[in-house]
Amino acid sequence: MSPFKLAAILCFILNTQALPVFSQDLPDAVKQALNQNEIPESAASIYIHEINTTNPIIAFNSDKPMNPASVMKLITTFAGLELLGPAFTWKTEIYTNGVLKEGKLQGDLIIKGYGDPRLNLENFWLLIRRLYQKGLHEITGDLILDNSYFDISIENPAAFDNKPYRSYNTSPEAHLVNYRATELRIIPKPENNSARIIINPQTEFITLNNNLKLTKSKCIEWRDTLDTIIDVDTENNHHATVTLNGDYPIACGEKSLLLSLHNSQTYTLGLFKKLWKQQGGVFNGKVRTGIALDEKLPYEIHQSPPLTEIIRDINKYSNNTAARQLYLTLGTVSGNKPATLNKSNNAVRQWLKSKELDSPEFEIENGSGLSRNERISARHLGKLLLKAFQSSVMPEFVSSLPILAVDGTMKKRLTGTDVTGRAHIKTGSLNGVKAMAGYILDKSGKRMAIIFLVNHINSSKAQFAMDKLLQWVYQRP
């Protein structure tokens, strides 16, 4: 054999070995993990693709439409970064409807919201403080909330899982303070066999009855050991009485129960009155909805943190309400206001089409993944992650994802292993759904897009198989 032919053969062999090996089968460790947890392979969908290569490494059931749970937030946040820009901010405007003289407003104070997902306790306090520092000290009229920037129907908070007071079921609003969340911070006191509960924010519209008993049992599913009784008096400004009965394990340490007890009017009124009084302001009015006049200049404007910070909350901690606020905002990109779900749906689909990422199986409802109807395939998600890695907003997007064994929803996964810190993974879970998607760096320094979706009654047990896949990708030859 001539040297030229031998060189050609060797070159062919080397190049062939360098290409990713495409497979429609699962690694043995993943198969065994699924089998041990009684999850059929037909309920799983996997797609793994090395960055900057042509073919996937594994594409198993990858074209099957699947419910992705919170992994759908990858679509919303990537679209947000590209359509709005990483520096995009939301505003909240304050108007005075009346005569302001010598610090006294003879009339109403209007708050107009534009969907700010980060108008939390701290930022709302800063806004109120600025109003007082600017010279407004007394309001003789009412507090008026303008929610007209979002045109959405009133939702039944119990519709999704019959848990209307869980904070993740809070629906989006143009004016939304602190996600309308009330934190019950439980602090065990073993020295007197009691549990202290701190309410934040504590307003005049909430009463707490604490009947918790400390136990020495293990801290497993502590929320389920609580008997939480909530009584909301809709005739009396939606005053809520919360009664906590049941056992609380000392081993749990401090925990927080987040509840959504009030509508937006009651929550904002209670918090405004409390913070305004702390500043030294005077206000004895009520709250109602209304519209700010466009021709009038705002008295004060508050700007949210940039979108880059917002999507870290959305992806690292799977903030459903913030994701929905962002998703609705996407529908206003073309200047077509007010925001509606249909406008957002069209905007996202057009954006996907422009990136050659449209797919017939794709269904998006609210952009958060808190849905029984949303669908996407593992291959579609994989292609989106490949596109995202080539995007100008790649650094902001990737840094918003939880880091394996370091932070967010991945903080406690595979700690102290070889893969610690080597993957950025978004997780998702619903009853019957378990999902993960993101990027992983293998032991040779190659970066992969990795997607694993499970739709099955035993999906809550799928984490073991997903961890096995992460380890397999890291170790693979």
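Our subject is the structure that appears above.
Residues numbered from 1 in each chain as written. Predicted model: local features only at pLDDT ≥ 70, side-chain atom pairs only at ≥ 80, totals over all residues. Heavy atoms only, no water.

## Let's talk about the overall build of the chain
When its secondary structure is counted, the chain shows 12 helices and 18 strands. Taken along its principal axes, the extent of the C-alpha atoms in the chain is 100 × 60 × 35 Å. In the chain, which comprises 477 residues, the share counted as buried stands at 52%. Long-range contacts, defined as pairs at least 24 residues apart, comprise 70% of the intrachain contacts of the chain with a sequence gap of at least 6. Surface summary for the chain: the accessible area is close to 22000 Å², and the carbon and sulfur share equals 49%. Between the centroid of the 54 positive side chains of the chain and the centroid of its 46 negative side chains there is a distance of 4 Å. (Helix = DSSP H or I, 4+ residues; strand = E, 2+ residues; numbered from the N terminus. Buried < 20%, exposed > 50% of the residue type's maximum accessible area, 1.4 Å probe, protein only. Contact = heavy atoms within 4.5 Å. Areas by Shrake-Rupley, 256 points an atom, 1.4 Å probe, with all protein chains shown as cover. Lys, Arg positive; Asp, Glu negative; His and termini not counted. Charge placed at Lys NZ, Arg CZ, Asp CG, Glu CD.)

## Things to note about helix α12 (residues 463-475)
Look at α12: 18 Å from first C-alpha to last across 13 residues, which is about the 18 Å you get at 1.5 Å a residue. Tucked inside the fold, the buried residues of α12 contact α2 (28-36), β1 (44-50), β16 (423-430), β17 (433-441) and β18 (447-455). (Expected span 1.5 Å × (residues − 1).)

## Considering the pattern of salt bridges
In this structure the tally under the stated criterion is 18 salt bridges. Of the charged contacts in the structure, one is a salt bridge between E300 and R130, with a shortest N-O distance of 2.6 Å. Residue E300 is found in strand β15 (residues 300-303), and its partner R130 is found in helix α4 (residues 121-133); the two are separated by 170 residues along the sequence. Judged by relative accessible area, which is 10%, E300 ranks as buried. By relative accessible area, R130 is classed as partly exposed at 37%. (Salt bridge = Lys/Arg side-chain N within 4 Å of Asp/Glu carboxyl O.)

## Considerations on the sheet that holds β17
Strand order in this open sheet of 5 strands is β2-β1-β18-β17-β16, and the pairing throughout is antiparallel. What marks the edges here is a single partner per strand, and that holds for β2 (58-60) and β16. The sheet shows a mean angle of 10° between the axes of neighbouring strands, taken without regard to direction. (Pairing = 2+ DSSP bridges. Axes fitted to C-alpha atoms, helices over the stretch in contact; angles between N-to-C directions.)

## Observations concerning the sheet that holds strand β8 (residues 194-200)
In a beta sheet, neighbouring strands pair by backbone hydrogen bonds and run either parallel or antiparallel. Within the open sheet, the 3 strands sit side by side as β8-β7-β12. Their pairing is antiparallel. The sheet terminates laterally at β8 and β12 (255-259), the two strands that pair on one side only. Sheet twist, expressed as the average angle between the axes of neighbouring strands with direction ignored, equals 25°. In this structure, strand β7 (residues 182-189) lies alongside β12, joined through 5 bridges in antiparallel fashion. For E183, the partnering residue across the bridge sits in β12 and is L258.

## A look at the packing of aromatic side chains
Applying the stated criterion across every chain, the model contains 10 aromatic pairs. Measuring from centroid to centroid gives 5.0 Å for F78 and W351, while their planes differ by 85°, and the two rings are edge-to-face. Of this pair, F78 sits in helix α3 (residues 73-84) while W351 sits in helix α9 (residues 341-354); the two residues are 273 residues apart in sequence, bridging distant segments of the chain. Take F78 and W351: they sit in the same class, and that class is buried. A connected cluster of aromatic rings, assembled from ring pairs, spans Y132, F272, W276 and F283. If you follow K134 out to its NZ or CZ, it ends over the ring of Y299, 4.6 Å from the centre. (Phe/Tyr/Trp six-rings, centres within 6.5 Å; stacked < 30°, edge-to-face > 60°. Lys NZ or Arg CZ within 6 Å of the ring centre and 35° of its normal.)

## Topic: the nonpolar core
Within the largest apolar cluster, 48 residues are counted, with the highest numbers of intra-cluster contacts made by L74, I75, F397 and Y439. Among the elements of the structure, α3, α7 (307-316), α8 (320-330), α9, α10 (378-390), α11 (394-399), β17 and β18 are those that each provide at least two residues to this core. When residues in this core are grouped by element, the largest group, 7 residues, is from α10. Those residues in contact with I75 that sit more than four places away from it in its chain are V348, W351, F362, I364, I376 and L384. (Core = buried A, V, L, I, M, F, W, Y, C linked by side-chain atoms within 4.5 Å.)

## Here we look at the state of the cysteines
Inspection of every chain in the model, using the stated rule, returns 1 disulfide. A sulfur-sulfur separation of 1.9 Å characterises the disulfide bridge that pairs C219 with C252. A torsion of 105° about the S-S bond marks the disulfide between C219 and C252 as right-handed. With C219 in the loop between β9 (206-215) and α5 (222-225) and C252 in the loop between β11 (239-249) and β12, this residue pair connects regions lying 33 residues apart in the sequence. (Disulfide = S-S within 2.5 Å.)

## Points about the side chain of H380
Positionally, H380 belongs in helix α10. Relative accessible area serves as the criterion here: at 4%, H380 is assigned to the buried category. Contact partners of H380, with chain neighbours within four places excluded, come to L357, D358, S359, E361 and F362.

## Overview of the packing of α3 against α10
Packing of α3 against α10 brings their axes to within 11 Å, and their N-to-C directions diverge by 30°. The angle between the axes of α3 and α10 places the two elements in the roughly parallel class. The two elements α3 and α10 cross, and the hand of that crossing is left-handed. Mapping the contact onto sequence places L74, I75 and F78 in α3 and L381, L384, L385, K387 and A388 in α10. By residue class, the composition of the contact of α3 with α10 is 7 nonpolar, no polar and 1 charged. (Parallel < 35°, antiparallel > 145°, perpendicular 65-115°, else oblique. Left-handed = near helix turned anticlockwise from the far one by under 90°. Nonpolar A, V, L, I, M, F, W, Y, C, P; charged D, E, K, R; others polar.)

## Observations concerning the side chain of E300
A distance of 2.6 Å separates a polar atom in the side chain of E300 from a polar atom in the side chain of R130. Sequence-distant contacts of E300, defined by excluding residues within four places in its chain, comprise T92, E93, I94, L127, R130, L131 and K134. (Polar contact = N/O pair within 3.5 Å; in protein donor to acceptor, adjacent residues only side chain to side chain.)

## With respect to the packing of α7 against α8
The interhelical angle for the contact between α7 and α8, taken along N-to-C directions, is 135°, at an axis separation of 8 Å. Relative to α8, the element α7 lies oblique. The two elements α7 and α8 cross, and the hand of that crossing is left-handed. Counting all contacts with α7, which are made through L307, I311 and I314, the residues of α8 involved are A322, A323 and L326. Looking at the contact of α7 with α8 residue by residue, the class counts come to 6 nonpolar, no polar and no charged.

Structural measurements only, silent on function.
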